[in-house]
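Each chain, written out:
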Amino acid sequence: MALKGKNAVVTGSTSGIGLAYARALAKEGVNIVINGFGTAADIEKERQAIESEFQVKCVYDPADMTKPAEIAGMIANAEKTFGSVDILINNAGVQYVSEIENFPVEKWDQIIAINLSSAFHTIRAAVPGMKARKWGRIVNTASAHSLVASPFKSAYVAAKHGLAGLNKVVALELATYGVTANCISPGYVWTPLVEKQIPATMEARHLSRDQVIHDVLLEAQPTKEFVTVDQVAALAVFLCSDAAAQITGTDIPIDGGWTAG
Ligand code: NAD
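No experiment lies behind these values; they were computed from the predicted model shown. (Residues numbered from 1 in each chain as written. Predicted model: local features only at pLDDT ≥ 70, side-chain atom pairs only at ≥ 80, totals over all residues. Heavy atoms only, no water.)

Q: How do you make sense of the pattern of salt bridges when you look at a structure like this?
A: Where charged atoms from two side chains of opposite charge come close, those side chains can pair. The full count for this structure, using the stated rule, is six salt bridges. As a salt-bridge pair, E44 and R47 come within 2.9 Å of each other at their nearest N and O atoms. Here R47 and E44 lie together in helix 2 (residues 40-54), a separation of three residues that amounts to about one turn. Several salt bridges converge on common partners, so that one network encompasses E44, R47 and E51. (Salt bridge = Lys/Arg side-chain N within 4 Å of Asp/Glu carboxyl O. Helix = DSSP H or I, 4+ residues; strand = E, 2+ residues; numbered from the N terminus.)

Following this line, the structure appears as structure tokens:
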């Protein structure tokens, strides 16, 4: 079954990996609900670009992924607007770096809410429709940090390991309903966010651009290359295809070999 005419919700899709997911699914003919923060003008530009480039419907939902009622409302609105949510991509995520004894309690709560609990709330709301239609695809954007840890990232690593656990439970519960659930776990992905860190790091550490990229950012990644947002999005499109119908409950690294070591 082709993906054309299916309907997807992609959380945190106003930039980076989420936007790439939205555009890659739209290219397959999938109608999209985009979500996330940003200026109204920027979001409208991306929304219109998706509609005009790929001839699909695209709507924006501003639901805050820390607010369970707004999350449930986003899924309900999507079902009302498009008739169904066939594909759910959980992607919204934030990071905070600090040693555990100084980790701000509100940052812990925020990261657990956005990176973990929001996926529980979207899945909880979207599953009844998927079960009834006997078809669904749930893709959870985890991280290499769902498989291994790094210091100073307690909330992020805990949330991503939790997401991988939630994913397995959902996969088992839905296994006989034609609904799959999988995690995609990127290593370092080349995003504007990463690119913006380079000049400051060059200055702080007295390094060249190449040294920052290879000796600082890519230290963990054996290929010494960034993952691209398009590579991550292509994996999501594959997981949504019929060829991937028997892939469920997995946590697939796309990390240049990081978690092999
Ligand atoms: P990004 O900052 O470019 O995008 C994050 C998105 O989440 C944005 O659209 C933002 O508006 C949205 N968001 C943040 N808080 C929100 C909230 N409360 N409610 C709704 N939306 C909210 O980051 P990215 O690099 O594209 O990351 C996307 C996902 O990929 C995250 O879950 C992240 O943990 C994961 N990831 C990223 C990398 C990487 O190297 N960039 C590596 C592994 C995993």
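Past the structure itself, the notes keep going.
Q: Help me understand the packing of helix 3 (residues 68-82) against helix 4 (residues 105-133) in this model?
A: To describe two helices that pack against each other, one gives the angle between their axes and the distance between the axes. Between helix 3 and helix 4, the shortest axis-to-axis distance is 9 Å and the interhelical angle comes to 30 degrees. In terms of orientation, helix 3 and helix 4 fall into the roughly parallel class. Relative to helix 4, the crossing made by helix 3 is right-handed. In this structure, helix 3 contributes P68, I71, A72, M74, I75 and E79 to the contact, and helix 4 contributes S118, H121, T122, A125, A126 and G129. Residues of the contact of helix 3 with helix 4, tallied by class, amount to seven nonpolar, four polar and one charged. (Axes fitted to C-alpha atoms, helices over the stretch in contact; angles between N-to-C directions. Parallel < 35°, antiparallel > 145°, perpendicular 65-115°, else oblique. Left-handed = near helix turned anticlockwise from the far one by under 90°. Contact = heavy atoms within 4.5 Å. Nonpolar A, V, L, I, M, F, W, Y, C, P; charged D, E, K, R; others polar.)

Q: So what exactly am I meant to see when it comes to helix 4 here?
A: For the α-helix, the turn length of 3.6 residues means that residues three or four positions removed from each other point alike. For helix 4, with 29 residues, the first-to-last C-alpha span of 41 Å sits near the 42 Å given by 1.5 Å per residue. At S117, helix 4 shows its largest kink, close to 45 degrees. Remark: K134 follows helix 4 within two positions and exhibits a positive phi of approximately 60 degrees. (Expected span 1.5 Å × (residues − 1). Bend = angle between axes of the 7 residues up to and from the residue.)

Q: Would you take a moment to explain the sheet that holds strand 9 (residues 251-254) for this structure?
A: Adjacent strands of a sheet pair through backbone hydrogen bonds, lying either parallel or antiparallel. Strand order across the open sheet formed by seven strands is 3-2-1-4-5-6-9, with parallel pairing between neighbours. Across the chains shown, the open sheet's two edge strands, defined by having one partner strand only, are strand 3 (58-61) and strand 9. On average, each strand axis in the sheet is tilted by 20 degrees relative to the strand beside it, whichever way the strands run. Sheet topology places strand 1 (residues 7-10) next to strand 2 (residues 31-35); four bridges connect them, and they run parallel. Paired with V9 across the bridge in strand 2 is V33. Packed on one face of the sheet, helix 2 meets strand 2 and strand 3 and runs near 155 degrees to strand 3. (Pairing = 2+ DSSP bridges.)

Q: How should the site of the ligand be read in this particular structure?
A: With respect to spatial proximity, 27 residues lie near the ligand, and among them T14, S15, F37, N91 and Y156 are the closest. T14 is positioned such that a nitrogen or oxygen atom in its side chain is 2.7 Å from an oxygen atom of the ligand. Contacts to the ligand include N91, whose backbone N or O atom sits 2.8 Å from an oxygen atom. Computed on the free molecule, the ligand has an accessible area of 830 Å², of which 88% lies beneath the protein chains in the complex. Of the residues belonging to the shell around the ligand, the class tally is 12 nonpolar, 13 polar and two charged. (Near = heavy atom within 4 Å. Polar contact = N/O pair within 3.5 Å; in protein donor to acceptor, adjacent residues only side chain to side chain. Areas by Shrake-Rupley, 256 points an atom, 1.4 Å probe, with all protein chains shown as cover.)

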